[in-house]
Amino acid sequence: MTNQRGPAGAAVQQIARNVALFNPAEQVFQAMLDGWRNQQLSRNLAFTTIARREQVITRFRSFTGEDPWAWTVGDVDEFFMELRAVRSASHSTLLAYQNALRLFLGYLTDPAYGWEQECLDRFGTHPVQVCHEWNTAAHVQEASSRPRKRPLTRDELQDLFDYADDRVDHAHRHGRKGWISAFRVATAIKVAYAWGLRRNEVRMLELTDFGTNPHAPEFGGYGVLYVRHGKAMRGSPPKRRSVLTVGTAFSTSGTAKPCGDLHPNDVVS
């Protein structure tokens, strides 16, 4: 049976037809954001991704002083020119903003959602796609970070680990309660480096995520780390992966447990 109310995010689901609105422009814009949110949720996108995109759209509207059905190519040029020339936004930020704006307008101009007709009936005009290949940046390579970003040298890593340990020692010697938090931070830094973990992977890590590796019994119960909250593909749950423990970063006397002194030269690439 065909759904007469349209897909998730359709205008007919967000605004009652033939009903006068107290503040039409503001209410229709909010309904557009709500509908776009529903459409993205139906695609199983992360809440954080949806929230970031909504912030971009709200910021663009504030910059132009116009509503989506009045946005022009000139607005796009001025917004991203200001973002690059005045605010010195990175290439990755620019790409993310342009992608969010393109997707939002793609949603509004899709006939399946009915926003063009809704705007025509209420405002006498309708949204159009203003992000094109000739006025937006192209994502042509996997790594888009700035060239000045580089890996830390071994000496720099050693300084980082030593500083983290010194904070723990200093707080503990002076009887401060914060030494436990400092110890947790120092451990998190070393674990992130030793197993090559992302920030969220470290944040979601639990002791039960460690397991044995039959090919490296010397590490005991810490031979492999099962990452349960890896970087997800678009619309998919967090990706799982396993990271093997290598090097001499563990004490093997009795039951193998992580040592407090984990340094770069203790880990074999």
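Our subject in this report is the structure included herewith. (Residues numbered from 1 in each chain as written. Predicted model: local features only at pLDDT ≥ 70, side-chain atom pairs only at ≥ 80, totals over all residues. Heavy atoms only, no water.)

Overview of a nonpolar patch on the surface
On the surface, a cluster of nonpolar side chains totalling about 290 Å² of accessible area is made up of Trp-179, Ile-180 and Phe-183. Here Trp-179 lies in helix α8 (residues 179–195). (Patch = residues over 30% accessible without salt bridge, like charges linked within 9 Å, V, L, I, M, F, W, Y side chains within 5 Å. Areas by Shrake-Rupley, 256 points an atom, 1.4 Å probe, with all protein chains shown as cover. Salt bridge = Lys/Arg side-chain N within 4 Å of Asp/Glu carboxyl O. Helix = DSSP H or I, 4+ residues; strand = E, 2+ residues; numbered from the N terminus.)

Some thoughts on the layout of surface pockets
Here the largest pocket defines a volume of roughly 2,000 Å³. Contributing to the lining of the largest pocket are 41 residues, with Thr-49, Arg-52, Arg-53, Lys-231 and Ala-232 lying nearest its centre. When residues of the lining of the largest pocket are traced back to their parent elements, those giving at least two are α3 (47–64), α5 (91–109), α9 (199–203) and β2 (224–230). For the lining of the largest pocket, the element with the most residues is α5, which contributes nine residues. Its residues assigned to classes, the lining of the largest pocket shows 15 nonpolar, 14 polar and twelve charged. (1 Å grid on protein atoms, 1.4 Å probe; cavity = no way out; pocket = protein on both sides within 12 Å on 5 of 7 lines; lining within 4 Å. Points joined across faces, edges and corners; volume = space filled by probe spheres on them. Nonpolar A, V, L, I, M, F, W, Y, C, P; charged D, E, K, R; others polar.)

Here's the deal with the packing of helix α2 (residues 24–42) against α5
Each pair of packed helices gets described by two things: the angle between the helix axes and the distance between those axes. Orientation of α2 relative to α5, taken along the N-to-C sense of each, is 100°, at an axis distance of 11 Å. Taken together, the axes of α2 and α5 are roughly perpendicular relative to one another. On α5, the residues touching Met-32, Leu-33, Gly-35, Trp-36 and Gln-39 of α2 are Ala-100, Leu-103, Phe-104, Tyr-107 and Leu-108. (Axes fitted to C-alpha atoms, helices over the stretch in contact; angles between N-to-C directions. Parallel < 35°, antiparallel > 145°, perpendicular 65-115°, else oblique. Contact = heavy atoms within 4.5 Å.)

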